[in-house]
Amino acid sequence: MKLIHGIFIALFSLLAKSLFVALSVSTETETDVETYSTQNTFTATSLEKARGLIAPKPKESLNAESEDALFWETNGNLIRQARLEFDQMYSTTATMREKNETFPLTFFNSTLQQYQIEKRMIDETLYDAIQHMYELVARGKDIEEEEEEKELNEKLLQDSEDILRDSLFIRVAPDVYQCSLFTDYGVSQIRSYLNMVKTSGIPTRRPNGMNRYGIILQEEHSSGSIGRSSGGTTMIDGSVSQRDLSLFYHVLVRDFVRPLSRMLFPKYLESIEYKNGKASSSSSNDVESYGFTIQYDANDSILGSTSKQTQETDQKLNEHTDASLYTMNVNLNLPEEYFEGSAVYFRNGIEEKNNATGKMYYADKFTTGTALFHRGLISHAAEPIKKGTRQNLVVWLMGKDGYVRAVPYDESKDQLMSVQDRWTRSFKNDDDDGTENMRKGDGTCFLGDTDSCASL
């Protein structure tokens, strides 16, 4: 009996010690994990947690800019952290690049000391014409004293701009123009990056208050503080700030969308005043941009498609105006991606209270890489898509804090921006409008830290 009692006591003591050790290890492990998570905000768990989020499905198709805002505000930082982590994985893993068949959309021009879009992505004739404009602008900057030479150069710029517009752009309707922007190769590369965003598993927010399917593009990607981009632009919760894609978008706006829009709609840009060779004021009418993608799907490829499935895609866009000074809308369908319907039309009568009374103009041959440029206040719509899918990239340009100029400036009072200034890439001022050049070594690195910028 005593022997059995002794064995029982020994076993109980051993069990108690094991339990104490287990509890100690468990407590220590939980503490270590908690400390690690607190000290390391960009851990693998950020990507895992973001992928585990169940994003609410977009529902409304009118005035739904703030739909499910609480979800995106609550998870905004987590999603940004996850994108930074995914970016690091993508940038350092060559096999991921090969798997997605993607290559950098931009390159660093050591002569100009700034990033540029690959020439083979842009329509060759348009690219060469735009580069010619920049060469003339550079020549004009070297003319300092001779007023007569300045006037001659401004006339040369104006003539070159007229040739560019008249030879490469088709006038679809009043204040609506069309041109070939991206090559098939360019579209395929952009789509590869967009597909990578889609397959990353990280939730994305609806593009605007009407379109439910697509993504919001963040112009600047910050590796610094969460919530603000390196250029001072507010980061939108749920937007996409993928490194290469964001850099491409920034250069696209700076080198193509903004100067071409200024060329097409010069009456809505105020002149720039200079003091001691520096801009004392700049046109604030188009310094901000908002980019997004949209998708229309007829659901004809879905076997046994039901009415419920049909309602879960965007098939048309009702007549509306944009919250922009001017808009660029480019077709991102691959050449083999056929679709029927989804015609884009514009309504004349912008100054009328009832745009529905105006004449309708249709954009013909809105094919792969084709871009439409129009004033935001022009009423327009997309008719129902009947077969296939249509994907587009849209860029809105507007003034500071969303200001949209509706009335033209007075040309007779020298209020209009000069051609030279319309084609100047950077318009930096004391207020920092967020459109500074992305240069190495000057403290304005695009990504917010010089090391990351230099490694692009």
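Residues numbered from 1 in each chain as written. Predicted model: local features only at pLDDT ≥ 70, side-chain atom pairs only at ≥ 80, totals over all residues. Heavy atoms only, no water.

K.L.:
What is the right way to read the overall build of the protein from this model?
P.N.:
The helix and strand tally for the protein stands at 11 helices and 17 strands. For the protein, the proportion of its 456 residues judged to be buried stands at 48%. Considering only intrachain contacts with a sequence separation of at least 6, the fraction spanning at least 24 residues in the protein is 77%. Of the accessible surface of the protein, which amounts to about 23,500 Å², a share of 53% is contributed by carbon and sulfur atoms. (Helix = DSSP H or I, 4+ residues; strand = E, 2+ residues; numbered from the N terminus. Buried < 20%, exposed > 50% of the residue type's maximum accessible area, 1.4 Å probe, protein only. Contact = heavy atoms within 4.5 Å. Areas by Shrake-Rupley, 256 points an atom, 1.4 Å probe, with all protein chains shown as cover.)

K.L.:
Would you explain the side chain of Arg212 in this entry?
P.N.:
Its place among the elements puts Arg212 in the loop between helix H7 (184–199) and strand E5 (216–217). In this structure Arg212 comes out as buried when scored by relative accessible area, which is 11%. Polar side-chain contacts of Arg212 include one of 2.8 Å to the backbone oxygen of Thr313. (Polar contact = N/O pair within 3.5 Å; in protein donor to acceptor, adjacent residues only side chain to side chain.)

K.L.:
How should I be thinking about the side chain of Arg375 in this particular structure?
P.N.:
Looking at the secondary structure, you find Arg375 in strand E14 (residues 370–375). Here the side chain of Arg375 touches Ala406 through a polar contact of 3.5 Å, landing on its backbone oxygen.

K.L.:
Could you clarify how one ought to interpret the sheet that holds strand E13 (residues 360–362) in this entry?
P.N.:
Pairing between the strands of a sheet comes from backbone hydrogen bonds, and it takes one of two forms, parallel or antiparallel. A sheet is described by the order of its strands in space; here four strands give the open sequence E9-E15-E12-E13, paired in antiparallel fashion. Strand pairing shows two members of the sheet lacking a second neighbour, strand E9 (317–320) and E13, which therefore form its edges. The average angle at which neighbouring strand axes cross in this sheet is 20°, direction not considered. Judged from the four bridges that link them, strand E12 (residues 344–347) and strand E15 (residues 379–382) form a sheet pairing that is antiparallel. Bridging across to E15, Val344 finds its partner in Ala382. (Pairing = 2+ DSSP bridges. Axes fitted to C-alpha atoms, helices over the stretch in contact; angles between N-to-C directions.)

K.L.:
Explanation requested: the pattern of salt bridges in the structure shown.
P.N.:
Close approach of charged atoms allows side chains of opposite charge to pair. Counting across every chain of the model gives 15 salt bridges. The shortest N-O distance in the salt bridge between Glu67 and Arg206 comes to 2.7 Å. Here the residue Glu67 occupies a position in the loop between helix H2 (44–52) and helix H3 (69–92), and Arg206 occupies one in the loop between H7 and E5, the gap between them amounting to 139 residues. For the residue pair Glu67 and Arg206, the accessibility class agrees, reading buried in each case. The salt bridge involving Arg120 is made with Glu118; its shortest N-O contact spans 3.0 Å. For Arg120, a relative accessible area of 49% gives the class partly exposed. Through salt bridges with shared partners, a single network forms among Asp162, Arg165 and Asp166. (Salt bridge = Lys/Arg side-chain N within 4 Å of Asp/Glu carboxyl O.)

K.L.:
Explain the packing of aromatic side chains to me, please; I cannot follow it from the model alone.
P.N.:
Geometrically, a pair of aromatic rings is defined through the distance of the ring centres and the angle of the planes. According to the stated counting rule, one finds 12 aromatic pairs in the structure shown. Note on Phe71 and Trp72: the rings are 4.9 Å apart at their centroids and 90° apart in plane angle, and the pair reads as edge-to-face. The burial state of Phe71 is the same as that of Trp72; both residues are buried. (Phe/Tyr/Trp six-rings, centres within 6.5 Å; stacked < 30°, edge-to-face > 60°.)

K.L.:
Is there a simple way to think about the sheet that holds strand E17 (residues 389–398) in this case?
P.N.:
Pairing within the open sheet is antiparallel, and its seven strands lie in the order E3-E4-E14-E10-E17-E8-E5. At either margin of the open sheet sits one strand with a lone partner, and together these are strand E3 (170–173) and E5.

K.L.:
Where do I start with the confidence of the model for the protein in this structure?
P.N.:
In the predicted model, the protein carries a mean pLDDT of 77, and 69% of its residues have values of at least 70. Taken together, the stretch residues 7–12 has pLDDT below 50 and engages in zero contacts with residues farther than four places along the chain or on a different chain. (pLDDT = per-residue confidence, 0-100.)

K.L.:
What am I meant to see in the nonpolar core here?
P.N.:
Generally speaking, nonpolar side chains in soluble globular proteins are found buried as a group. Within the largest apolar cluster, 69 residues are counted, with the highest numbers of intra-cluster contacts made by Leu164, Phe169, Phe182, Phe373 and Trp423. The greatest single-element share of this core, amounting to 12 residues, is contributed by helix H8 (residues 243–264). Beyond its immediate sequence surroundings of up to four residues, Phe182 is in contact with Met121, Ile122, Asp123, Val187, Ile190, Phe248, Leu252, Val330, Leu332, Thr368 and Gly369. Counting 13 residues, the second largest nonpolar core, distinct from the first, contains Met210, Tyr290, Ile294 and Ile385. (Core = buried A, V, L, I, M, F, W, Y, C linked by side-chain atoms within 4.5 Å.)

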